[in-house]
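Survey of secondary and tertiary structure
One letter stands for each residue in the lines below.
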Amino acid sequence: MKAKVHPNAVDTPQLGPDVKKLNLIAGEWLAGEGEIENRNPSDLSDLVGVFEQAGSDQLDATLDQARVAQAAWATYGLERKQAVLMNIGTELMDRAQELGNLLSREEGKPLAEGRGEVYRAGQFFTYYAAECLRQIGENADSVRDGVEIDVRREPVGVVAVISPWNFPTATASWKIAPALCYGNAVVWKPANLTPASAVALAEIISRQDIPKGLFSLVMGSGRSIGQRLVESSKVDAISFTGSVPVGKEIAAAAIQNLTKVQMEMGSKNALAVMDDADLDLAVTLALGGAFGGTGQKCTASSRIVVHATVHDAFVEKLVTGAQAIKVGHALEEGTQMGPVVSEQQLRENLAYVDLGKAEGAELACGGQRLEMPHDGYYMSPGIFLNTTNKMRINREEMFAPLTSVIKVDSYEQALSVVNDTNFGLTSGIVTQSLARATHFRRNARTGVVTVNLPTAGTDYHVPFGGRGDSSYGPREQGKSAAEFYTTVKTAYISAGSPG
Ligand code: NDP
């Protein structure tokens, strides 16, 4: 296929447009055992790059070097570590335009979302730069006379980071930044669908004042290099974001070595729209939550639970809004929804459209593959009406620009539907009633609850994670990250008598 690069496209910074993109193994940029092509989902004629796939010997070598580097990094002074994280964060923010463009080119989210993601990734690093200086322990008197206790956190060791394609820079950053902040080495396996963003971030980290091999990039498929990484006894902790089935496999592999695991997986987030809601606000929140990032978000609003009194008026506005969304090339200014990430994901999405119809749901709009001037994975945003919470389209994560409306007769029924799921990442309510908002906030069984805000979108300085099948292990982000990236040491000290 002849390369046809969009005028707005930028290339990976590492080695220029025509050179293969390498892995970072034990501190060296190296070729691997094979290679993959990465194409732009907005325009398949645009080859983003050819990316090397790391081999298992390289994985072993880099894990060994990571162990050595981690010991050195742990002895670096606090301000030296802080400066490293600050530099990474500042560079990401300064280059958000350029690297966001690259991200949008390979993942398919509109430019504003790509740039916003890279900027936010930078903020994770600057936040954890400050956290380098805030590692304050606890102390206590012992129950034994003359004995003092000092409780402090130490690095957990070598951390494997396995990240998905939907937020290739932000998700990786909210794992890598705390891992480094708390004194660990990192071996990162990014999703093979988004290797260019991974090389760009790794290149920035590799230029910092860090011990050789403290940070590694091992590109390759989950089934090969990912599986070997999670099975390795050289890994002390694994932080994973992705699907539930893969999460369960990773947990099963990790337990063989008693490796610490933290996993953030899918969800089936609900937005409850009450009869007292500001309907225009509710529609805006539902559209953004359902179709932002082409619906490929673990926090997407995939169930819209609507009070019967406002159902028809809300649905009319929602469908009109969805039909007005401009689907297009991610790099075109004005595009509101880019393509789906891959042919496989698009096929699965269309299968869910067929399933929903077979289950008796009414497809009010969208849900179709779109023919566009560029050959890509385009799909129109789809809305199902007349659905029940028992339908598979309301129980399984679709990761698609598809959402379902579920009609309810009361606030109590809405809450019950919101909570009737195996997942539990986010939920939201749109209401002007303080009483309902408060009750919902306290009774929704999700890790994140929003009031008059979208179900998607989280801050970096507070915990993020869910319940049920959505998460496993300690929360990510904010100070909570210390729970996973450190281990606690309790020291008993008998100083004796000064005389
Ligand atoms: P996966 O769970 O397959 O992939 C997530 C990451 O895990 C990728 O880096 C992948 O590598 C890696 N991986 C896959 N298998 C293994 C393994 N056996 N051992 C170690 N690592 C592994 O998600 P997909 O990208 O395939 O997406 C499928 C579905 O998962 C989506 O439709 C969505 O429902 C859900 N998902 C949820 C996300 C979330 O944010 N919660 C994010 C992404 C997906 P590689 O892809 O390179 O093979």
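First, a word on scope: everything that follows refers to the structure included in this document. (Residues numbered from 1 in each chain as written. Predicted model: local features only at pLDDT ≥ 70, side-chain atom pairs only at ≥ 80, totals over all residues. Heavy atoms only, no water.)

Turning our attention to the overall build of the protein. Each helix and strand counted, the protein has 14 helices and 20 strands in total. In terms of overall size, the protein behaves like a compact globule, its C-alpha atoms giving a radius of gyration of 24 Å where 499 residues would be expected to give roughly 23 Å. When the 499 residues of the protein are sorted by exposure, 57% land in the buried category. A fraction of 73% describes how many contacts in the protein between residues 6 or more apart in sequence connect residues 24 or more apart. Per element, the accessible surface of the protein, about 19700 Å² overall, is 51% carbon and sulfur. Mean positive and mean negative side-chain charge positions of the protein (46 and 57 charges, respectively) differ by 2 Å. (Helix = DSSP H or I, 4+ residues; strand = E, 2+ residues; numbered from the N terminus. Rg over C-alpha atoms; globule rule 2.2 N^0.38 Å. Buried < 20%, exposed > 50% of the residue type's maximum accessible area, 1.4 Å probe, protein only. Contact = heavy atoms within 4.5 Å. Areas by Shrake-Rupley, 256 points an atom, 1.4 Å probe, with all protein chains shown as cover. Lys, Arg positive; Asp, Glu negative; His and termini not counted. Charge placed at Lys NZ, Arg CZ, Asp CG, Glu CD.)

What surrounds the ligand is a group of 29 residues, the closest being Trp-165, Asn-192, Gly-222, Gln-227 and Ser-243. Within the backbone of Met-265, a nitrogen or oxygen atom sits 2.8 Å from a nitrogen atom of the ligand. Here an oxygen atom of the ligand sits 3.2 Å away from a polar atom, N or O, in the side chain of Gln-345. Contact with the protein chains covers 86% of the free accessible surface of the ligand, which is 860 Å². Within the residue set of the shell around the ligand, elements represented by two or more residues are helix H7 (222-231), strand S10 (237-241) and helix H8 (244-256). Here the shell around the ligand takes 4 residues from H7, the largest share from any one element. Its residues assigned to classes, the shell around the ligand comprises 11 nonpolar, 13 polar and 5 charged. (Near = heavy atom within 4 Å. Polar contact = N/O pair within 3.5 Å; in protein donor to acceptor, adjacent residues only side chain to side chain. Nonpolar A, V, L, I, M, F, W, Y, C, P; charged D, E, K, R; others polar.)

Attention now moves to the environment of Ala-66. When you line up the elements, Ala-66 lands in helix H1 (residues 56-74). In the structure, Ala-66 is positioned 307 residues away from Pro-373 in sequence and 47 Å away in space, judged by C-alpha atoms. The contact partners of Ala-66, leaving out residues within four places of it in the chain, are Val-158, Ala-185, Val-187 and Gly-213.

The next subject is the pattern of salt bridges. With the rule as written, the count across this model stands at 25 salt bridges. Among the salt bridges present, the one from Lys-234 reaches Asp-64, with a minimum N-O distance of 3.1 Å. Here Lys-234 is found in the loop between H7 and S10, whereas its partner Asp-64 is found in helix H1, with 170 residues between them in sequence. Take Lys-234: its relative accessible area is 27%, and that puts it in the partly exposed class. For Asp-64, a relative accessible area of 40% puts it in the partly exposed group. Through salt bridges with shared partners, a single network forms among Glu-91, Arg-95, Glu-98, Glu-203 and Arg-207. (Salt bridge = Lys/Arg side-chain N within 4 Å of Asp/Glu carboxyl O.)

Right, let's talk about the packing of helix H2 (residues 78-94) against helix H4 (residues 111-131) for a bit. Where H2 meets H4, the closest approach of the two axes is 7 Å, and the angle between their N-to-C directions is 165°. Of the possible angle classes, the one that applies to H2 and H4 is roughly antiparallel. Handedness of the crossing formed by H2 with H4: left-handed. Only Val-118, Tyr-119, Ala-121, Gly-122, Gln-123, Phe-125, Thr-126, Tyr-128 and Ala-129 of H4 make contact with H2, whose side of the interface consists of Gln-82, Leu-85, Met-86, Ile-88, Gly-89, Thr-90, Leu-92 and Met-93. Residues belonging to the contact of H2 with H4 are distributed by class as follows: 11 nonpolar, 6 polar and no charged. (Axes fitted to C-alpha atoms, helices over the stretch in contact; angles between N-to-C directions. Parallel < 35°, antiparallel > 145°, perpendicular 65-115°, else oblique. Left-handed = near helix turned anticlockwise from the far one by under 90°.)

Attention now goes to the sheet that holds strand S6 (residues 147-155). The sheet built from 3 strands is open, its strands ordered S5-S6-S20 with antiparallel pairing. Edge positions in the open sheet fall to strand S5 (138-141) and strand S20 (486-494), since each of these has one partner strand only. Adjacent strand axes in the sheet meet at a mean angle of 20°, parallel and antiparallel pairs treated alike. Inspection of the sheet shows S6 paired to S20 by 9 bridges, in the antiparallel sense. Residue pairing in the sheet places Val-147 in a bridge with Ser-494 of S20. (Pairing = 2+ DSSP bridges.)

Okay, the nonpolar core next. Leu-85, Ile-176 and Trp-188 are the most contacted members of the largest nonpolar core, which has 84 residues in total. When residues no more than four places from it in sequence are discounted, the contact partners of Leu-85 are Trp-73, Phe-125, Thr-126, Tyr-128, Ala-129, Cys-132, Ala-177, Leu-180 and Cys-181. With 28 residues, the next largest nonpolar core counts Leu-271, Ala-282, Phe-314 and Ile-383 among its residues. (Core = buried A, V, L, I, M, F, W, Y, C linked by side-chain atoms within 4.5 Å.)

To continue, consider the layout of surface pockets. The calculated volume of the second largest pocket comes to roughly 640 Å³. Along the walls of the second largest pocket sit 24 residues, with Gln-135, Ile-136, Gly-137, Arg-152 and Arg-153 positioned nearest its centre. Residue assignment for the lining of the second largest pocket shows that the elements contributing at least two residues are H2, S6, helix H14 (481-485) and S20. Tallying contributions element by element places S6 first for the lining of the second largest pocket, with 5 residues. When the residues that make up the lining of the second largest pocket are grouped by side-chain class, the tally is 10 nonpolar, 5 polar and 9 charged. (1 Å grid on protein atoms, 1.4 Å probe; cavity = no way out; pocket = protein on both sides within 12 Å on 5 of 7 lines; lining within 4 Å. Points joined across faces, edges and corners; volume = space filled by probe spheres on them.)

What follows is about the sheet that holds strand S15 (residues 382-385). Taking strand neighbours across the sheet as the criterion, the 7 strands line up as S14-S15-S16-S13-S12-S17-S18 in an open arrangement whose pairing is mixed. Both outer strands of the open sheet, strand S14 (362-365) and strand S18 (448-451), are each paired with one neighbouring strand and no more. On average, adjacent strands in this sheet sit at an angle of 25° to one another, irrespective of strand direction. Sitting on the sheet, helix H13 (residues 434-443) is in contact with strand S12 (269-273), strand S17 (426-430) and S18, with an inclination near 170° to S17.

Quick look at empty space enclosed by the protein now. Under the definition given, this model contains 5 cavities of 30 Å³ or more. For the largest cavity, the calculated volume is near 100 Å³. Surrounding the largest cavity, 14 residues form its lining, Gly-295, Ala-300, Ser-302, Met-398 and Phe-399 being those nearest its centre. Counted by class, the lining of the largest cavity contains 7 nonpolar, 4 polar and 3 charged residues.

Turning next to the side chain of Asn-349. Here Asn-349 shows up in helix H11 (residues 343-358). The class of Asn-349 is buried, set by a relative accessible area of 0%. In this view, Asn-349 contacts Val-340, Met-379, Met-398, Phe-399, Ala-400, Pro-401 and Leu-402; residues no more than four positions away in its chain are not counted.

The next subject is the packing of aromatic side chains. Both the distance between ring centres and the angle between the ring planes are used here to describe each pair of aromatic rings. For the structure shown, the criterion picks out 10 aromatic pairs. Site record: aromatic cluster; members linked through ring pairs are Phe-124, Tyr-127, Tyr-128, Trp-174, Tyr-182, Tyr-460 and Phe-464. Sitting over the face of the ring of Phe-51, Lys-21 holds its NZ or CZ atom 5.9 Å from the ring centroid. Sitting above the plane of the Phe-167 ring, Lys-109 keeps its charged end 3.8 Å from the centroid. (Phe/Tyr/Trp six-rings, centres within 6.5 Å; stacked < 30°, edge-to-face > 60°. Lys NZ or Arg CZ within 6 Å of the ring centre and 35° of its normal.)

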